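# Survey of secondary and tertiary structure
Each chain, letter by letter, is given below.
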Amino acid sequence: MSAGMVIVEGHHVSALVRDTLDGTGPLRLQQGIPLADLARTCVVPNARILLAALDGADARLTAKGNMTRKLVTTLIEDFRWPGYDAATILSARNTLNEPDVLPVHYLHIILKLSGLVRHEKGLLKLTRKGKTMLAEERAGALQGLLFQTTYTRFNTACLDRNSSKETFGWQISLVLYLIGRFADRWHPADTLMRSVTLPSNSAPEPPSPYPGLLDLRLLAFETRVLRYLCWFGLLEQQSPAANDDWLQPRLYQKTPLYDRFLQFVL
């Protein structure tokens, strides 16, 4: 079963696979989207909270280079990130280390890779480039920068514990193009994966620790591609109801923001 069929010319496939998302290839990230239209997404509003917290007040880092527990707790209380409710997280843990809270850990890494924050003498500091992103009218540019960095410089596998090899990063522009063609209605993740990705030529995946229950490549597709698209507000996810079979797949479809933000020139 697949989501359908789209014919893509070979030279277009090659151009998409070579695309570095920097605006010189087929994918053009539209960076003029206003903050109001990004308000219900995860990455930009919460990145702005962290950047604002560092504006004029450097943050101390731990010996491992993480943010302190105090700052992590403050951020998670201020963040609005579905699936990471502050009250629930704080009730389950007496202390919060940065790696315990994926959104905080992800934003720290991605802001540093994007050159918006830096480490200096045990402190986390806002850079000049970071200061330019504080203005509301720069929200669309911030979305574009963090999206490009996520899929070209960030190790999207670093937030999961999946032993599956990385097979999506090198073809991400093609994947995004095909998701845009297929995901205008709800599809299970496995249907999308088969429809929008090229097979890997690498060695076979290691066997699943839960035979018959877990496809490691599918799990990697969800955590390394679809999860970030949801965080950027480009996909929405529909999980099975509480009384449904827990093995039922999650469903995904694109939001109106998808085609506004991701435009392709082929």
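For every chain, the first residue of the written sequence is number 1, and numbering continues from 1 onward in sequence order. Where local features are concerned, this predicted model is filtered to residues with pLDDT of at least 70; where side-chain atom pairs are given and counted, the filter is 80 or more; whole-chain, interface and lining totals use all residues. Remark: hydrogens and water are excluded; side-chain values derive from all non-hydrogen atoms of the structure.

### What about the overall build of the protein?
- Secondary structure assignment for the protein yields 12 helices and eight strands.
- Type-normalised accessible area, obtained with a 1.4 Å probe on protein chains alone, sets the label of each residue: buried when under 20%, exposed when over 50%, and partly exposed for intermediate values. Per-residue burial over the protein gives 47% buried out of 266 residues.
- Note on contacts: a residue pair qualifies if any of its non-hydrogen atoms lie within 4.5 Å across the two residues. A fraction of 72% describes how many contacts in the protein between residues 6 or more apart in sequence connect residues 24 or more apart.
- The Shrake-Rupley method, run with a 1.4 Å probe, gives the accessible areas here. Residue values count only the displayed protein chains as cover. Summed over all atoms, the accessible surface of the protein reaches about 13600 Å², with 51% contributed by carbon and sulfur. By the criteria applied, helices consist of DSSP H or I runs no shorter than four residues and strands consist of E runs no shorter than two, each listed in order from the N terminus.

### Digging into the packing of aromatic side chains
- The rule is short: rings of Phe, Tyr and Trp, with Trp giving its six-membered ring, pair when the centres are within 6.5 Å, and they are stacked under 30 degrees, edge-to-face over 60, tilted in between. According to the stated counting rule, one finds 13 aromatic pairs in the structure shown.
- Measuring from ring centre to ring centre gives 5.2 Å for Tyr-177 and Phe-264, while their planes differ by 75°; the resulting arrangement is edge-to-face. Placement of the pair is Tyr-177 in helix α9 (residues 172–182) and Phe-264 in strand β8 (residues 262–264), with a sequence separation of 87 residues.
- Judged by relative accessible area, Tyr-177 falls into the buried class, the value being 13%.
- These aromatic residues form a ring-pair network of at least three members: Phe-79, Trp-81, Tyr-106, Phe-147, Tyr-151, Phe-154, Tyr-228, Trp-231, Phe-232 and Phe-261.
- Stacked on the ring of Tyr-228, the Lys or Arg Arg-227 has its end atom at 5.6 Å from the ring centre. The criterion is that NZ of a Lys, or CZ of an Arg, lies within 6 Å of the ring centre and within 35 degrees of the ring normal, and then a charge sits over that ring.

### Overview of the sheet that holds strand β3 (residues 117–120)
- One open sheet holds the three strands; their spatial order is β2-β4-β3, and the pairing between them is antiparallel. Across the chains shown, the open sheet's two edge strands, defined by having one partner strand only, are β2 (59–60) and β3.
- When β2 meets strand β4 (residues 123–126), the two strands line up antiparallel, connected through two bridges. Bridge pairing links Arg-60 to Leu-123 in β4.
- The convention used is that axes are lines fitted to C-alpha atoms, helices contributing only their stretch in contact, and that angles between N-to-C directions extend from 0 to 180 degrees. Strands in contact with helix α3 (residues 43–54) are β2, β3 and β4; relative to β4, the strand with the most contacts, it is inclined by about 105°. Strand pairing follows a simple DSSP-based rule, namely that at least 2 bridges must link the two strands.

### Regarding the pattern of salt bridges
- A side-chain nitrogen of Lys or Arg and a carboxyl oxygen of Asp or Glu constitute a salt bridge if their distance falls within 4 Å. Taken as a whole and judged by the stated rule, the model has 11 salt bridges.
- Its salt-bridge partner being Lys-125, residue Asp-58 comes within 3.9 Å of it at the nearest N-O pair. With a gap of 67 residues between them, Asp-58 in the loop between α3 and β2 and Lys-125 in strand β4 connect regions that are remote in the sequence.
- Accessibility expressed as a relative area gives 40% for Asp-58, which makes it partly exposed.
- Accessibility expressed as a relative area gives 17% for Lys-125, which makes it buried.
- When salt bridges with common partners are traced through the structure, they connect Asp-58, Arg-118, Glu-120 and Lys-125 into a single cluster.

### Digging into the nonpolar core
- Working definition of a nonpolar core: buried Ala, Val, Leu, Ile, Met, Phe, Trp, Tyr and Cys residues. They are joined through side-chain atoms within 4.5 Å. Counting residues in each nonpolar core, the largest one holds 77 residues, and the members touching the most others are Tyr-106, Phe-147, Ile-179 and Leu-229.
- Here Ile-179 is in contact with Val-196, Val-225, Leu-226, Leu-229, Leu-235 and Tyr-258, once residues within four sequence places are set aside.

### Concerning helix α6 (residues 102–113)
- Taking 1.5 Å of rise per residue, the 12 residues of α6 would be expected to cover 16 Å, and the 16 Å separating its terminal C-alpha atoms lies within 8% of that figure.
- Of all 12 residues in α6, nine are buried; the element is thus mostly enclosed.
- Considered for burial, the residues of α6 that qualify are Leu-102, Pro-103, Val-104, His-105, Tyr-106, Leu-107, His-108, Ile-110 and Leu-111.
- Taken from the residues just after α6, Gly-115 is the one with a positive phi, measuring 80°. Multiplying one less than the number of residues by 1.5 Å gives the expected span of a helix.

### Comments concerning the sheet that holds strand β7 (residues 251–254)
- Read across the open sheet, the three strands follow the order β5-β7-β6; overall the sheet is antiparallel. Across the chains shown, the open sheet's two edge strands, defined by having one partner strand only, are β5 (187–188) and β6 (235–238).
- Sheet analysis places β6 next to β7, joined by four bridges and oriented antiparallel. By the bridge assignment for β7, Gln-237 is matched with Tyr-252.

### A closer look at the side chain of His-105
- You can see His-105 is positioned in helix α6.
- Look at His-105 and you get buried, because its relative accessible area is 17%.
- Any pair of N or O atoms that falls within 3.5 Å is considered a polar contact. Within protein, one atom must be able to donate a hydrogen and the other to accept it, and sequence-neighbouring residues count only if both atoms are side-chain atoms. Only 2.7 Å separates the side chain of His-105 from the side chain of Glu-98, close enough to count as a polar contact.
- Excluding anything up to four places from it in sequence, His-105 contacts Asn-66, Glu-98, Pro-99 and Leu-159.

So, to be careful, I would describe these as geometric facts and stop short of saying anything about function.
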